[in-house]
Amino acid sequence: MAPQTMASLQYSCTVLAAHSRPSSKPFSAKPSQLATDARRSHRFHVSCNGGTNQNPSAEGRVDRRNLLLGLGGLYGTANLVSDSQAYAAPIEPPEFKNCGVARDVQTNDILDVNCCPPVTDKIIDYKLPPVTNLRIRPAAHRVSKEYIAKFEEAIRRMKALDKDDPTDPRGFMQQANIHCAYCNGAHDQVGFKDLDLQVHNSWLFFPFHRWYLFFYERILGKLIDDPTFSLPYWNWDNPKGMQMPRIFDKTGSPLYNVNRDQTHRPPALIDLSLSNISDDLQVVVNNQSVMYNEMIRSVNSTLDFMGKPYRKGDNPSPGMGSSERGSHVAAHVWVGDPNNKYREDMGNFYSAGRDILFYCHHANVDRMWSIWRTLKTDVPKDITDPDYLNAAFLFYDENKQLVRVKVADCIDHKKMGYDFDKVDIPWLNYRPPKKAAKTKIQNISSGVQKAEDLFPLNLKKITRVLVPKSGKGKADEVLVLENIETDATQYIKFDVFVNDEDDNAKELDKAEYAGTFAQVPHKTKNKKDISNINLRLTELYEDIDIDDDDTVVVTLVPRSNGEDVTIGGIKIIPSPPKSA
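Reading the values: rules and limits
- Residues numbered from 1 in each chain as written.
- Predicted model: local features only at pLDDT ≥ 70, side-chain atom pairs only at ≥ 80, totals over all residues.
- Heavy atoms only, no water.
- Helix = DSSP H or I, 4+ residues; strand = E, 2+ residues; numbered from the N terminus.
- Buried < 20%, exposed > 50% of the residue type's maximum accessible area, 1.4 Å probe, protein only.
- Areas by Shrake-Rupley, 256 points an atom, 1.4 Å probe, with all protein chains shown as cover.
- Patch = residues over 30% accessible without salt bridge, like charges linked within 9 Å, V, L, I, M, F, W, Y side chains within 5 Å.
- Salt bridge = Lys/Arg side-chain N within 4 Å of Asp/Glu carboxyl O.
- Lys, Arg positive; Asp, Glu negative; His and termini not counted.
- Charge placed at Lys NZ, Arg CZ, Asp CG, Glu CD.
- Phe/Tyr/Trp six-rings, centres within 6.5 Å; stacked < 30°, edge-to-face > 60°.
- Lys NZ or Arg CZ within 6 Å of the ring centre and 35° of its normal.
- Core = buried A, V, L, I, M, F, W, Y, C linked by side-chain atoms within 4.5 Å.
- Contact = heavy atoms within 4.5 Å.
- UniProt positions renumbered as here; feature names shortened; annotations may be inferred.
- Polar contact = N/O pair within 3.5 Å; in protein donor to acceptor, adjacent residues only side chain to side chain.
- Pairing = 2+ DSSP bridges.
- Axes fitted to C-alpha atoms, helices over the stretch in contact; angles between N-to-C directions.
- Parallel < 35°, antiparallel > 145°, perpendicular 65-115°, else oblique.
- Nonpolar A, V, L, I, M, F, W, Y, C, P; charged D, E, K, R; others polar.
- Left-handed = near helix turned anticlockwise from the far one by under 90°.

**Looking at the overall build of the chain**
Thought 1: Across its full length, the chain carries 14 helices and 19 strands.
Thought 2: Here the chain holds 580 residues, and 62% of them are scored as buried.
Thought 3: A total accessible area of about 23,000 Å² is found for the chain, and carbon and sulfur atoms account for 48% of it.

**A look at a negative patch on the surface**
Thought 1: A contiguous patch of negative charge on the surface is contributed by D279, D280, D502 and E507.
Thought 2: With respect to the helices and strands, D280 occurs in helix α6 (residues 280–297).
Thought 3: By relative accessible area, which is 45% here, D280 ends up partly exposed.

**A closer look at the packing of aromatic side chains**
Thought 1: Inspection of the entire model under this criterion finds 34 aromatic pairs.
Thought 2: For the ring pair F208 and Y212, a centre distance of 5.8 Å and an interplane angle of 50 degrees mean the geometry is tilted. Of the two residues, F208 and Y212 both sit in helix α5 (residues 205–223), four residues apart, roughly one turn of that helix. With respect to burial, F208 and Y212 carry one shared label: buried.
Thought 3: Ring centres of Y212 and F358 lie 6.1 Å apart, and the angle between their planes is 55 degrees; this geometry places the pair in the tilted category. One end of the pair, Y212, is in helix α5; the other, F358, is in helix α10 (residues 356–372), with 146 residues separating them in the sequence.
Thought 4: One aromatic cluster is present, formed by Y126, Y182, F208, W211, Y212, F214, F215, Y216, F358, Y359, F393 and F395 through successive ring pairs.
Thought 5: A cation over an aromatic ring shows up here: R137 above the ring of Y418, its NZ or CZ 3.8 Å from the ring centre.
Thought 6: We note K159 situated over the ring of F172; from NZ or CZ to the ring centre the distance is 5.0 Å.

**Digging into the nonpolar core**
Thought 1: The biggest cluster of nonpolar side chains holds 111 residues, and the ones touching the most others in it are F151, Y182, W211, M295 and F393.
Thought 2: The biggest single contributor to this core is α5, with 12 residues.
Thought 3: Excluding its chain neighbours within four sequence positions, the residues that come into contact with Y182 are P94, F96, H187, L197, Q198, V199, F208, F393 and L394.
Thought 4: Membership of the second largest hydrophobic core comes to 32 residues, among which are V467, I492, F517 and L556.

**What to know about the pattern of salt bridges**
Thought 1: Taken as a whole and assessed by the stated rule, the structure comprises 39 salt bridges.
Thought 2: A salt bridge links R311 to D387; the shortest N-O distance between them is 3.0 Å. One end of the pair, R311, is in the loop between α7 (302–306) and α8 (324–335); the other, D387, is in helix α11 (residues 386–389), with 76 residues separating them in the sequence. D387 shares its class with R311; the two are buried.

**Structural notes on the UniProt feature "binding site: Cu cation A" (unreviewed entry) in the chain**
Thought 1: Here the UniProt-annotated "binding site: Cu cation A" (unreviewed entry) positions come out as H179, H200 and H209. Of the residues just listed, which span 31 residues, no C-alpha pair is farther apart than 10.2 Å, and they cluster in one region.
Thought 2: Summarising the element assignment, H179 is placed in helix α4 (residues 172–183).
Thought 3: Non-local contacts of H179, meaning those with residues more than four positions away in its chain, are made with N184, H200, H209, Y212, F349, A352 and F358.
Thought 4: Residue placement: H209 occurs in helix α5.
Thought 5: Of the residues examined, H209 reaches a relative accessible area of 4% and is grouped as buried.
Thought 6: The residues contacting H209, other than those within four sequence positions of it, are H179, H200, F358 and H362.

**Quick word on the environment of Q198**
Thought 1: By secondary structure assignment, the location of Q198 is in the loop between β7 (192–196) and α5.
Thought 2: Among the residues examined, Q198 registers a relative accessible area of 2% and is labelled buried.
Thought 3: Measuring from C-alpha to C-alpha, the distance between Q198 and A181 comes to 9.0 Å, with 17 residues separating the pair along the chain.
Thought 4: Reaching out from Q198, the side chain makes a polar contact with the side chain of H200 at a distance of 3.0 Å.

**Observations concerning the sheet that holds strand β8 (residues 392–396)**
Thought 1: Strands sit in the order β4-β9-β8 across an open sheet of three strands; the sheet is mixed. Looking at which strands have only one partner, the edges of the open sheet turn out to be β4 (124–125) and β8.
Thought 2: Of the pairings in the sheet, the one linking β8 to strand β9 (residues 402–406) comprises five bridges and is antiparallel in character. Paired with A392 across the bridge in β9 is K406.

**What about the packing of helix α3 (residues 145–164) against α5?**
Thought 1: Where α3 meets α5, the axes come as close as 9 Å, and the angle between the chain directions of the two elements is 95 degrees. When the axis of α3 is compared with that of α5, the two are roughly perpendicular. Here F151, A154, I155, R157, M158 and L161 of α3 lie close against α5, whose contacting residues are Y216, I219, L220 and L223.
Thought 2: Counted by class, the contact of α3 with α5 contains nine nonpolar, no polar and one charged residues.

**Looking at the packing of α5 against α10**
Thought 1: Contact geometry of α5 with α10 gives a least axis separation of 10 Å together with a crossing angle of 125 degrees. Considered as vectors, α5 and α10 are oriented oblique to each other. By crossing handedness, the relation of α5 to α10 is classed as left-handed. Touching F205, F206, P207, H209, R210, Y212, L213 and Y216 of α5 are I356, F358, Y359, H362, A363, V365, D366, W369 and S370, all from α10.
Thought 2: Along the lines of polarity and charge, the residues of the contact of α5 with α10 split into 12 nonpolar, three polar and two charged.

Here is the structure:
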């Protein structure tokens, strides 16, 4: 629903539906009554201010190749509601007794696996145990023989539970099915029949997976009677760790999985840009550019990194954060077996947990969250909205007890009793080099259509579009791609460039690279996802040394299944406030 504005002598209010759900309420209520109704319905976000509307206010470099060789949704304008002003309620944990079927991502047929967990009537509110010594998660490419033996034995015992007692919630398939149930439609939101509970594509992404790995790790430690045991992380953001860790590539090991892309076994380097480049050095360069962009350069607000708000009664998948749709998706797709219908195991949500490498991958995703919270940027690092902090999940712990956990208790990973092996983070200094010469807008805009003439746009081919800026030259601005409708059953990826003279750039270590959109195939009720992405342009403008222009040329490059993407609109707006 479009925003509808009400004004009085004392108030100017904006009402936004949570996800295009019509309301029978007339828009003539007083502001006080409107807020009351909004609390009851959990449908509207309301913002009021007195008087007139307020518009939002409008380093270290290295030689990149030498460094590598040495290493071996949518922002509104004046009336947009801030999340702290929203009247809603947090996502509740699912009711296991009402768990349903998970379905095939394309045919909607019932999957040949029961994703539902064992049911018990007893649920315990989980309390984090006291921390005496931190468990240290090691980088997978640096682990010792002793650690490998311990890890293999723990997984061997977890897999043995599948045969000894298939209903034991600590068993390998029971643990794998947690991801299937929470991500492929088996759980409905409490109180909303047939409305999927989805832990991806929103601000729940990081906290859900942090809790998931926390209990997985503790279960493994319990099975080998070692409370100090910790999961390894796949250090794919560092050139030294960009191969699939060799501990997962030994045939006959319990860590091995045949359902992987066999062309990506070591010594192949992971391609976080998924650009199908054969030059290993360019792969590493692109990977570092992807990391710098998703962690620093394109992020204008907390939600840009963490993901869009997702509250009780909301439709699933409101929008991914930069890390989720970037390196996270890339690793899933790169590992998954292209010979399987849906790139099982890692290449699809329902089957990803069947590959031990999934947990190693997500340990590094979790590490990215911990690193991001320490970055010295102008973006707040933590979400303070109570609807985020009070969102809850259910897991079985190492003692087979069903426990309820909240997001608020997992913000600080050290309070959960673990930390990460310290390694170099080369992408921190990977800002693209400045362009040697300015690009004249008149030289690249000839024949380029305006946004209003192109959108909605089905991204079947590389598209260049002329987009007006909100201010001239090096303004503090954000590029917004809105109402991106995708076929949720497909792997989707496209890249975004600004004022790029190359129509099909595969080299991402360039000033014109603005960011990426990507998704892992998953199941939704109507097979469609609609989301928005926001890409900060402030640093990009500096690096391309933009002239005193009032328009830019944006290039959209489909990398996978562009025909299954329709972008509703594109615009450039002043950088909104960065509060969480």
